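# Examining the three-dimensional arrangement
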Amino acid sequence: MADHRQSAREAIRTSGFFSDDRIASSKQFVNPEQPGYVGFANLPNQVHRKSVKKGFEFTLMVVGESGLGKSTLINSLFLTDLYPEREIPGAAEKIEQTVKIDASTVEIEERGVKLRLTVVDTPGYGDAINSKDCFKPILSYIDDQFERYFHDESGLNRRNIVDNRVHCCFYFISPYGHGLKPLDVEFMKALHHKVNIVPVIAKADTLTPKEVRALKARILEEIAQHGIKIYQMPDCDSDEDEDFKEQCRLLKAAVPFAVVGSNQMIEVKGKKVRGRLYPWGVVEVENPEHCDFIKLRTMLITHMQDLQEVTQDVHYENYRSEKLAINKRRAGGPAAVSAAKEGQGEEKDKILLEKEQELQRMQEMLARLQQQMQQQQTTQVAGANNVQSHHV
Ligand code: GDP
């Protein structure tokens, strides 16, 4: 556990969260000293040695209307062009378009450490005129990965399971609205029990700092109002040093992360930075005063293990117990009562099963009584024999 925290601290430092002189100066997010460095080289410290050997597996899903800057952000985050051959559909194609699921896997290596990153894109989300059911394919995809894992887990080759479960979902919210759209609410409500949702405000450079603050507050309010459970970063231990606690606090306070992405490198004060060039200046992606990009990346890198653990312990466990309950119910086992959760025939099933159980209990009681009576009879006979032998 101590190792885990140590490496999280190290990852925060190297991912540009703070400058090296952070301890002496104010607790501000600054431009990383090592451009082109993502910071996951510290991940293996967080995980078991075996995972180090085979590399670290992580699946990130990105969901949001097309054009919100999802691919640009992913490319900026992992410094990899994930979609070199992407074709963007025109409006006419979008009318009929259904949501597609596009999973691309890249292996990124940093300081000899491998990260097998799968990014699941969902082109077509929110594009069709009627977007009502557009999150269903996404839901099935997440379930399918659970199903595959469940199947592999009960198979013979349990040691070499490839984990394709979705560990985190960046949900892109438009910067142009006044908060969440009905589709945003529907999507998050349908998926929050299945995946760790991290909401992000797309294209934050289109908003002033004041507007960003207002939009963030509004989104958080609506998330609470609708009972949506987004991913909660774990609390720091009380024995952590103050710097680390402050970093965690700043990360938590940044949700929903207001991000900017760019595939362009621009020269600013003699330094090449990733940014967006406007007539009035440059928006620097990795400048914490311009947007929350660095905070989002730091959150992802430092919480990769936690995101995986929550996926395993909460989301997958929910899936697994439901699956087992359904299987038992199908097999007609006595545990079916507790498993019966949905459907109209359930009440009947429940009553039937309760009756069956009651019958079973009575039969057991009868068997016990018979046994007791038999025992009593044998002791009586033995007693009589004893008396007889005395007389003899
Ligand atoms: P996707 O369809 O969600 O994957 O969006 P893209 O990444 O293809 O971006 C769509 C358009 O938005 C492109 O012209 C990008 O250059 C632009 N874009 C991407 N990120 C940002 C951003 O952070 N701010 C602004 N203003 N434009 C962006």
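The numbering scheme is per chain: residues are counted from 1 as the chain's sequence reads. Note on the predicted model: pLDDT of at least 70 is required for a residue's local features to be given, and 80 or more for side-chain atom pairs to be given and counted; whole-chain, interface and lining totals, by contrast, use all residues. Only hydrogens and water are removed before side-chain values are computed, so all heavy atoms of the structure are retained for them.

Take the pattern of salt bridges next. When a carboxyl oxygen of Asp or Glu lies within 4 Å of a side-chain nitrogen of Lys or Arg, that pair is called a salt bridge. The tally for this structure, following the rule as stated, stands at 14 salt bridges. Here R116 makes a salt bridge to E57, at a shortest N to O gap of 3.9 Å. Highlighted residues: R116 in strand β3 (residues 113-121) and E57 in strand β1 (residues 56-63), separated in sequence by 59 residues. On the basis of relative accessibility, which here comes to 22%, the residue R116 falls in the partly exposed class. Only protein chains enter the calculation, and the probe is 1.4 Å; a residue is then buried if its accessible area is under 20% of its type maximum, exposed if over 50%, and partly exposed in between. Exposure remark for E57: the relative accessible area of 14% places this residue in the buried category. One network of salt bridges, in which partners are shared, links K216, D292 and K295. To qualify as a helix, a DSSP run of H or I must reach at least 4 residues; to qualify as a strand, a run of E must reach at least 2; elements of each kind are numbered from the N terminus.

All right, on to helix α5 (residues 136-153) then. Residues separated by three or four positions in an α-helix point in the same direction, a consequence of the helix having 3.6 residues per turn. One less than the residue count of a helix, multiplied by 1.5 Å, gives the span that helix is expected to have. Between its first and last C-alpha, α5 extends 25 Å over 18 residues, near the 26 Å set by a 1.5 Å rise per residue. Every buried residue of α5 is listed here: I138, Y141, I142, Q145, F146, Y149 and F150.

Burial analysis of helix α3 (residues 70-78) places eight of its nine residues in the buried class, the great majority of the element. The complete set of buried residues in α3 reads K70, S71, L73, I74, N75, S76, L77 and F78. The contact criterion used is simple: two residues touch if any of their non-hydrogen atoms lie within 4.5 Å. As for α3, its buried residues are in contact with β1, β2 (102-110), β3, β4 (168-173), β8 (271-278) and α9 (293-302). Residue L79 follows α3 closely and has a positive phi angle near 50°.

On to the packing of aromatic side chains. Pairing of aromatic rings covers Phe, Tyr and the six-membered ring of Trp, with a centre-to-centre limit of 6.5 Å; geometry is then stacked below 30 degrees between planes, edge-to-face above 60, and tilted otherwise. As enumerated under the stated definition, the model contains eight aromatic pairs in all. Both rings, one in F146 and one in Y319, keep their centres 5.4 Å apart while their planes meet at 35°; by these two values the pair is tilted. Of this pair, F146 sits in helix α5 while Y319 is found in helix α10 (residues 304-331), placing the two residues 173 residues apart along the sequence. One exposure class covers both F146 and Y319, and it is buried. Three or more aromatic residues joined by ring pairs make a cluster, and in this case those are Y125, F135, Y171 and F187. Charge-over-ring placement is defined geometrically: NZ (Lys) or CZ (Arg) within 6 Å of the ring centre, and within 35 degrees of the ring normal. Positioned above the aromatic ring of Y149 is the side chain of R165, whose terminal nitrogen or guanidinium carbon lies 3.5 Å from the ring centre. Stacked on the ring of Y316, the Lys or Arg R165 has its end atom at 4.8 Å from the ring centre.

In this section: the pairing of strand β9 (residues 281-284). Moving residue by residue along a regular strand, the side chains alternate between the two faces of the sheet. At least two bridges found by DSSP between two strands are what make those strands a pair. In this structure, β8 lies alongside β9, joined through four bridges in antiparallel fashion. Among the inter-strand pairings, G275 is bridged to a residue of β9, identified as E284. What sits between β8 and β9 in their antiparallel hairpin is a turn of two residues.

Per-residue confidence for the chain gives a mean pLDDT of 78, with 71% of residues at or over 70. pLDDT expresses, on a scale from 0 to 100, how confident the predictor is about each individual residue. In this model residues 12-33 is a low-confidence stretch, pLDDT under 50, and it forms 55 contacts with partners more than four residues away in sequence or in other chains. Below a pLDDT of 50 lies the segment residues 387-392, which in the model reaches zero contacts outside its immediate sequence neighbourhood of four places, other chains included.

With antiparallel pairing, the three strands of this open sheet are ordered in space as β7-β8-β9. The open sheet has two free edges, formed respectively by β7 (265-268) and β9, since each of these has just one partner strand. Going across the sheet, the axis of each strand differs from the next one's by a mean of 70°, ignoring polarity. Between the N-to-C directions of two axes lies an angle of 0 to 180 degrees, each axis being a line fitted to C-alpha atoms and, for a helix, fitted only over the stretch in contact.

So, about unusual backbone geometry. The omega angle of the peptide bond from V255 to P256 is -5°, so this bond is cis rather than trans. Looking at the secondary structure, you find P256 in the loop between α8 (242-253) and β6 (257-258). Of note, K269 is a non-glycine position whose phi angle comes to about 50°, a positive value. Within the secondary structure, K269 is located in the loop between β7 and β8. When its relative accessible area of 85% is taken as the criterion, K269 is described as exposed.

A large share of β4 lies buried, amounting to six of its six residues. Residues C168, F170 and F172 of β4 are buried on one face, and the alternating residues C169, Y171 and I173, pointing to the opposite face, are buried as well. Taken together, the four bridges between β1 and β4 define a ladder with parallel strand orientation. Paired with V62 across the bridge in β4 is F170. The pairing of β4 with strand β5 (residues 197-201) spans five bridges and is parallel. From the neighbouring strand, I173 faces β5, where its bridge partner is I201.

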